[in-house]
2 protein chains.
Amino acid sequence: MSPRIGLDLPTILQAAVEIADTRGLEEVTLASLAQKLDVRSPSLYNHVNGLSGLRSKLAVHGLEQLLHVMTQAVVGRSGDDAVRELGKAYVAFARAHPGLYDATLRAPDPQDEEVRRLAGETVDLVVRALQAYELKDDAALHAVRGLRSLLHGFSSLEQRGGFGLPLDLDVSFRLLLDTFLAGLHEMKRRAKAESKPT
Amino acid sequence: MSPRIGLDLPTILQAAVEIADTRGLEEVTLASLAQKLDVRSPSLYNHVNGLSGLRSKLAVHGLEQLLHVMTQAVVGRSGDDAVRELGKAYVAFARAHPGLYDATLRAPDPQDEEVRRLAGETVDLVVRALQAYELKDDAALHAVRGLRSLLHGFSSLEQRGGFGLPLDLDVSFRLLLDTFLAGLHEMKRRAKAESKPT
DNA sequence: TTAAATAACTAATATCGTTAGTTTTATATT
DNA sequence: AATATAAAACTAACGATATTAGTTATTTAA
C-alpha cells in the first residue's frame, strides 16, 4: 500500500524548514525544495497540496514547536518568573528559526482546524502563566493578547533589522518585559483598590 | 525634456497602494500594476527599478505617511496623552493601509539612505514623546523599541487575524497601552528611589 | 507470480519578472 | 515651422515558477 517510500512528509518539512531558516521563507518554493530533495517538483504533489499546502503544513509544524518550547518554559514556574521564561523562550525560538517562525504567522487559513486547535492551546497556556496576576474575566485574555503583541512585535522587528540603533537587543527585551510586568502589577493594585475602596 | 507624460511615479505609487491595501502586498506585481494602469509591464521600468525598486519606493512612501500621522498625533501633547495618541495613530494607519503598512516593514535595504533618515526621524519623534518619563541615556531608546514592538506586534497580529478570540480589539489595545504606561511610571519611580535612597 | 496501488516521472501550459531592441511622441533647437 | 533629440511606451523573447495531465516504474498484497 505504500510503494517507493523515498520521500515522506517529515523529510519534506525538514528540508523546507532548512531553506526557510537559512534563506528566508520566500525562498521556499516547490522548485528549490525539489532540487534540495533531488526530485522533480511535480513529485511533491504526492505529499503536499501544492505550495499553499506546503505553507500550511509548515505553519502547523512551526506552531507545534513554538507551543512546545513555551510549554517547557513555564512548567513549574509562576508569576513574573513564568512570564519572563515564556518570553525568553518565544524570542529564542524566533531567533533560532526565523523562517519557520515567519511561516507560523503568514499561515493562510485561521479557519484551519489544526491551526485553531494550536492557537487555543497556546492561549490556554499563557492564561495559566498569567494566573498570578488575578486578572478577572476578559482581562486575562486581553493580557494574553498584549503579551503576544509585544513578543511578536519584538521578534518581528528584530528579524527584519527594524532596529537600526546600536543598542543591545537583549537589554531592550528585558526592559520591555520588565515594564510590561510592572504594568501588570500596577493594574492588579488598581483593581484591588477599586473593589476595596478606602 | 519629458515626452509623453502619461505615467509618473505618484500615479504608479497610488495604484500600487490601492492594490496593496485591497488585495494584499503580495498581489502588487508588475503585471497587476501594469494592467491597472493600462500599460504593458516593461513600461514600468522607465519609472521604477523593477519589482524590488517598486517595493522600495512603496516602503519609503509608507514610512513618510506613517511618520506624518504620528507627528500630527503628538503635537501639543505630552506624557501619557502623547503616547496614547501616538499609539492610536499608529494602529489607525495600519488599519487604514494594511498593504502599505506591510510594505514599510518588508522594506529591503535598511541600508537605503531614505529609509534610514525616516527611521531616525521617527525615533527622534518618539523619544520626544517619551520625555515626560525622564528616562536616562539609553533607557529612552530602549523604551522606544519597546513601544514600537508593542505597536507593531498588535497591528501585525490584528491584520493577520492572529487574534482568534471574540474579544473587542480596541479594548485590548487600550489595556495594552495602559499597562505599558503604568509600567513606565513604575520604572520611573524605581529609578527615583534608586538615585535618592531612603 | 501477478495485480493493484501509488510514487515519481515527462510533457505541456500559464503567469511572472526581466532584458533587448524598436517605435512613437513631446519637447527643444534651429 | 521644420527638425533633431530624448525619453516613454511598445513588441519580442527568455528563464523561472506553479500547476495539470498523462505515463512509467516499483513496492506491496493477493
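Data block above holds the structure.
Note that this is a predicted model, so its numbers are computed, not measured.

1. What about the environment of Gly53(B)?
Assignment of secondary structure puts Gly53(B) in helix α3 (residues 50–74). Spatially, the C-alpha atoms of Gly53(B) and Val115(B) are 13 Å apart, while their sequence positions differ by 62 residues.

2. Brief notes about the relation of the copies chain B and chain A
Rotating chain B by 180° about the axis while translating it 0.0 Å along that axis superimposes it on chain A, leaving an RMSD of 0.0 Å. Overall, the copies show the geometry of a two-fold rotation axis. With an isologous cut-off of 70% or more, the 100% of interface residues of chain B that recur at the interface of chain A puts this contact in the isologous class.

3. Re the side chain of Glu158(A)
Considering the arrangement of structural elements, one finds Glu158(A) in helix α7 (residues 138–159). Leave out the neighbours within four places in its chain, and Glu158(A) touches Arg95(A), Phe163(A) and Leu169(A).

4. Overview of empty space enclosed by the protein
Throughout the structure, instances matching the rule amount to two cavities of 30 Å³ or more. When its volume is computed, the largest cavity comes out at roughly 120 Å³. Looking at the largest cavity, it is lined by 14 residues, and the ones nearest its centre are His152(A), Ser156(A), Arg160(A), Ser156(B) and Arg160(B). Residue assignment for the lining of the largest cavity shows that the elements contributing at least two residues are α5 (98–105) and α7 of chain A together with α5 (98–105) and α7 (138–159) of chain B. Each residue belonging to the lining of the largest cavity can be placed in one class, and the counts come to three nonpolar, five polar and six charged.

5. Description of the packing of α7(A) against helix α8 (residues 169–195) of chain A
All names here are of chain A. Close contact between α7 and α8 brings their axes to 12 Å; oriented N to C, the two are set at 170°. By the angle between their axes, α7 is roughly antiparallel relative to α8. For the pair α7 and α8, contact is made by Ala143, Gly146, Leu147, Leu150, Leu151, Phe154 and Glu158 and by Leu169, Ser172, Phe173, Leu176, Leu177 and Phe180, respectively. A class-by-class count of the residues in the contact of α7 with α8 yields ten nonpolar, two polar and one charged.

Thresholds, definitions, all that
- Residues numbered from 1 in each chain as written.
- Chains lettered and ligands numbered in written order.
- Predicted model: local features only at pLDDT ≥ 70, side-chain atom pairs only at ≥ 80, totals over all residues.
- Heavy atoms only, no water.
- Helix = DSSP H or I, 4+ residues; strand = E, 2+ residues; numbered from the N terminus.
- Least-squares fit on C-alpha atoms with pLDDT ≥ 70 in both.
- Contact = heavy atoms within 4.5 Å.
- 1 Å grid on protein atoms, 1.4 Å probe; cavity = no way out; pocket = protein on both sides within 12 Å on 5 of 7 lines; lining within 4 Å.
- Points joined across faces, edges and corners; volume = space filled by probe spheres on them.
- Nonpolar A, V, L, I, M, F, W, Y, C, P; charged D, E, K, R; others polar.
- Axes fitted to C-alpha atoms, helices over the stretch in contact; angles between N-to-C directions.
- Parallel < 35°, antiparallel > 145°, perpendicular 65-115°, else oblique.

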